[in-house]
Amino acid sequence: MSSSALSPVARLRGSRPPWLSPTVFRTEVLAGLVVGLALIPEAISFSVIAGVDPKVGLFAACTMAMVIAFVGGRPAMISASTGAVALVVAPVAREHGLGYLIATVILAGVFQIVLGALGVARLMRFVPRSVMVGFVNALGILLFSAQIPNLLDVPWPVYPLVAAGLALMVFFPRLTKAVPAPLVSIVILTVITVAAGIAVPTVGDKGKLPSSLPVPGLPDVPFSLHTLTVIAPYALATALVGLMESLMTAKLVDEMTDTRSNKTRESIGQGIANIVTGLFGGMGGCAMIGQTMINVKNGARTRLSTFLAGFFLLILCIVLGPIVSTIPMAALVAVMVLVSVGTFDWHSIKPATLKRLPIGETTVMVITVAVVVATDNLSIGVVVGSLTAMVIFARRVAHLAHVTAVLDPDGTQVVYSVTGELFFASSNDLVTQFHYAADPDRVVIDLTAAHIWDASSVAALDAIEDKYKQRGKSVEIVGLNEPSARIHRTLSGELTGGN
């Protein structure tokens, strides 16, 4: 039956958002609630890192999540205040005050919109799989290590509470999956600690929750060139760090859910969300990999869960602040520990896997993990890992350019056949593979099985021709494919001052 033959009701039903399904709606709502609870202690902690009041981080988490739900390119991904952004903006708050921090966040959003429009998201195709695996494993380590401070110098009941929370999340899904196990664990552990009067660290110990809605406004800074010169470097760094983590997280969720997302829209959406967050007095942020993992692993797949995570966080802080403050940190620690274990790619470190993988792939993964853990910054690790992968690839490909010589029976001509990719790494050795003095007067260089990629290769071919000409011998280059012929025709003879 054609679409035109369908009734208006049927067409409406076929085009309605997936979250309107009762089953999906329940999943999205419960997942959003769990994420909203998990956002509270981290948002407060990131506020401490940035050196600002806890409400600055909490408001950032609310606005980032709710705005990105509409303008982002990856459904079910959670954006909020993050540690990476907090580290970048901390010096601004410390040296210049909150007004300059807010101005930095707004300018960072502008930068992200510009970078998104220029296509920065396309750079993600250059991130190798080994870097992605390292990113995931480092993330699992960081998520776990971030919980350690909550397990040191604490009352002894914290440990059985964490163990009980882990047990609930492991075994409860065997009874039913209608309600997320993390939410059940948080509620039960909170009821136990409150009813039994167990004295353990709670969410309220992390900082005071806000009691009123944020009010939009412009940052309290002079609108001058001096202000711009102060905040611009930090804003650019914030924009780059935020985009890197957001795009890496989006790519990871794509793979987990077997769906594709719009990375360009995500980049621009992050910018819009940061501008709105800054106007509401928030500290800015980006995608949160930990909370995103909680959301996705609880079955969320639409934008509704992202919006509700921010909305529930706002309600939890302002309306239910006294109740939320009683949640034991042990409950949230248990949630994050289980998420960290589930995030780590255990298959990647199995002896059988390591034995099959090329040593270069394993090296890139290990370096990515090591740099991320050492710097506590996922973006730096991804950049270093990608650069390492490129160097290893260049070294590997550099040895794939081969030269073979065939001398004519009459000894009047020699044909050199070049095979492989010619670029800066492989072309450096090309000049040394010809026998200039011993060759006959006519030399043919056959590039049918080769490809010229850059100016270094053209310069190497020019140098070979010059060496033969100095000996009074002629050189003919044949077999160039169209792209190679084009770059050779454009650059040959133009790369040295003597020509």
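What counts, and where the lines are drawn
- Residues numbered from 1 in each chain as written.
- Predicted model: local features only at pLDDT ≥ 70, side-chain atom pairs only at ≥ 80, totals over all residues.
- Heavy atoms only, no water.
- Core = buried A, V, L, I, M, F, W, Y, C linked by side-chain atoms within 4.5 Å.
- Buried < 20%, exposed > 50% of the residue type's maximum accessible area, 1.4 Å probe, protein only.
- Helix = DSSP H or I, 4+ residues; strand = E, 2+ residues; numbered from the N terminus.
- Contact = heavy atoms within 4.5 Å.
- Expected span 1.5 Å × (residues − 1).
- pLDDT = per-residue confidence, 0-100.
- Pairing = 2+ DSSP bridges.
- Axes fitted to C-alpha atoms, helices over the stretch in contact; angles between N-to-C directions.

S.K.: How should the nonpolar core be read in this particular structure?
M.R.: As a rule of thumb, nonpolar side chains are buried together in soluble globular proteins. Ranked by internal contacts, the top residues of the largest apolar core, which has 88 residues, are Ile40, Leu58, Leu101, Phe135, Met283, Ile294 and Leu313. When residues in this core are grouped by element, the largest group, eleven residues, is from helix H2 (residues 22-50). Non-local contacts of Leu58, meaning those with residues more than four positions away in its chain, are made with Ile40, Ala43, Ile44, Ser47, Leu209, Pro210, Leu313 and Cys317. In terms of nonpolar packing, the next biggest core, distinct from the first, is built from 22 residues, Ala401, Val431, Leu447 and Leu461 among them.

S.K.: Which parts of the structure should I look at to understand helix H14 (residues 329-343)?
M.R.: Since the α-helix turns once every 3.6 residues, residues separated by three or four places project in the same direction. If you check H14, its first and last C-alpha atoms are 21 Å apart, about what 15 residues at 1.5 Å a residue would give, namely 21 Å. With respect to burial, H14 is a largely interior element, twelve of its 15 residues being buried.

S.K.: What should I look at first to understand the confidence of the model for the protein in this one?
M.R.: Note: predicted coordinates in regions of low pLDDT should not be interpreted at a detailed level. Summing up the model confidence of the protein, the mean pLDDT is 87 and the portion of residues at 70 or higher is 95%. Element-level mean pLDDT values for the protein span from 50 in helix H1 (residues 8-15) up to 96 in helix H10 (residues 263-279). A low-confidence stretch, residues 1-5 stays under pLDDT 50, and its non-local contacts, those more than four residues away or across chains, total three contacts.

S.K.: Teacher, can you tell me more about the sheet that holds strand E5 (residues 442-452) here?
M.R.: The pairing of strands in a sheet happens through backbone hydrogen bonds and is either parallel or antiparallel. The strand order across the open sheet built from four strands is E3-E4-E5-E6, with neighbouring strands paired in mixed fashion. The two strands at the open ends of the sheet, each matched to only one other strand, are strand E3 (402-407) and strand E6 (474-478). Each neighbouring strand pair of the sheet contributes to a mean axis angle of 20 degrees, computed without reference to strand direction. Examined bridge by bridge, E5 and E6 share five bridges and lie parallel to one another. Across the sheet, Val443 pairs through a bridge with Val475, a residue of E6. Running at roughly 120 degrees to E5, helix H19 (residues 482-491) makes contact with E5 and E6 of the sheet.

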